[in-house]
Amino acid sequence: MGSYSLSFGSNVTRSKDARNTLIVPFERGNIVIDRGQKWLFLNGAPLEPLGNSDEAFDWQSVVTAVQPFRPQFNALQQAGYTTHAAIDGMMEASATLFDGALVLAEKSQARNRLAVADALRLVKAGGPVVVCGDKASGVGGLRKWATGLAQQAGSTVEALSKNHAVVFWFAAAAVSDLPQWQSLLVDGGDDKFWHTGPGTFSADGPDPGSVLLAAHFSTRMRGKVADLGSGWGYLSAKALVAAPDITSVDLFEADHHALVAARKNVPDARARFHWSDVAGEAPKGPFDWVIMNPPFHDGGHKGRAAEPRIGQTFIEAAAKCLPSGGRLLMVANRQLPYEDLLKSRFRKVVPVEDRGGFKVIEAMR
């Protein structure tokens, strides 16, 4: 197979996000990709093909994607990519397995560095490592850190900017002291240590909203419980202690890494774990109770404007999996406008507590 690179005319337009900036070096011929190669795509998302004709290059035939966030994982699979939730299985393979790697930066700097480190371990010497992120991802700091790695190996970093994003690339080489994924163990301030992980929501310890919500768990809770957006399992663990008549807790979480931590934090036979996109893969009930501290940033990332629609999809999902008489107990940031939707989906809505910027609400179907 011959190598493949091309340039586009000025009439070609693409949506302005980091995914499209990521492929610019290939469009411009800075990096050449061969149809017979194997590439790794970390924190992957579907990419537009290179070219606009029957000869267009489809990434699906070359790329193996790794994506721990369930909605993007589903999108990749639906687009025809070979996709994995985690890198673990690949780490056992030869370091020469992949001819190159693509990395999309996310909000977590720890996860970004781990992704670049994994690319360096799994790409053969001299193969391109191509990294891209928008301003919100902190790509500037990541580029500076990666430049230090490249200098260790005697390589140089090239870069370009487009669509409010930066893409940079360098040749893979053996580098010492690369970071490796490891579980975090944090003090919860409750005589218990909790497993979390780099980049998981509230990785440094229990979220204050969740702590407030858990204070309202009691023996009233019984039967089947669903924990929507369970994170690393704090609420489920607290519910199982507070309410011995709970017969099962189903944890639904979109972040694969958080769910791995939840399995360690909730070692109870009554717990069942689901890697699931609550918005797109609505939990099937019926449940007697739903507990939740719904996310209000896409992907759980902080530092961006709150998006009430995400929490609203969780409320809709809770309403659908609760029968008449079933109860929802939730916490949210005080300013998020959930009450009208709750009143339209539940027979009774009761404000339970408002403290520290959070509100606890109970609703009955």
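> Just checking my understanding: could you explain the nonpolar core for this structure?
Soluble, globular proteins show a tendency: their nonpolar side chains are buried together. In this structure, Phe217, Met221, Ile246 and Ile291 are the most contacted members of the largest nonpolar core, which totals 33 residues. If we ignore the near neighbours within four places in the chain, the residues touching Met221 are Ala239, Ala243, Asp245, Ile246, Trp289 and Ile291. Listed in part, the 29 residues of the second largest apolar core include Ala101, Leu122, Phe170 and Leu178.

> Looking at this structure, I do not really get the environment of Lys144. What am I missing?
Inspection of the secondary structure puts Lys144 in helix H6 (residues 139-152). With 13 residues separating them along the chain, Lys144 and Val157 place their C-alpha atoms 9.5 Å apart.

> Looking at this structure, I do not really get the confidence of the model for the chain. What am I missing?
Where the model shows low pLDDT, its predicted coordinates should not be examined in detail. For the chain, per-residue confidence averages 89 on the pLDDT scale, and residues scoring 70 or more make up 90% of the total. Note that residues 1-15 has pLDDT below 50 and, in this model, 42 contacts with residues that lie over four places away or in other chains.

> Can you help me understand unusual backbone geometry in this one?
For residues other than glycine, phi is negative in most cases, and the peptide bonds are mostly trans. Here the residue pair Gly285 and Pro286 is connected by a cis peptide bond, since its omega of 5 degrees sits within 30 degrees of zero. Turning to its location among the elements, Pro286 is positioned in the loop between strand S14 (271-275) and strand S15 (289-292). At His164, a residue that is not glycine, the phi angle is positive and equals roughly 60 degrees. Here His164 lies in the loop between strand S8 (158-162) and strand S9 (165-171).

Criteria and cut-off values
Residues numbered from 1 in each chain as written. Predicted model: local features only at pLDDT ≥ 70, side-chain atom pairs only at ≥ 80, totals over all residues. Heavy atoms only, no water. Core = buried A, V, L, I, M, F, W, Y, C linked by side-chain atoms within 4.5 Å. Buried < 20%, exposed > 50% of the residue type's maximum accessible area, 1.4 Å probe, protein only. Contact = heavy atoms within 4.5 Å. Helix = DSSP H or I, 4+ residues; strand = E, 2+ residues; numbered from the N terminus. pLDDT = per-residue confidence, 0-100.

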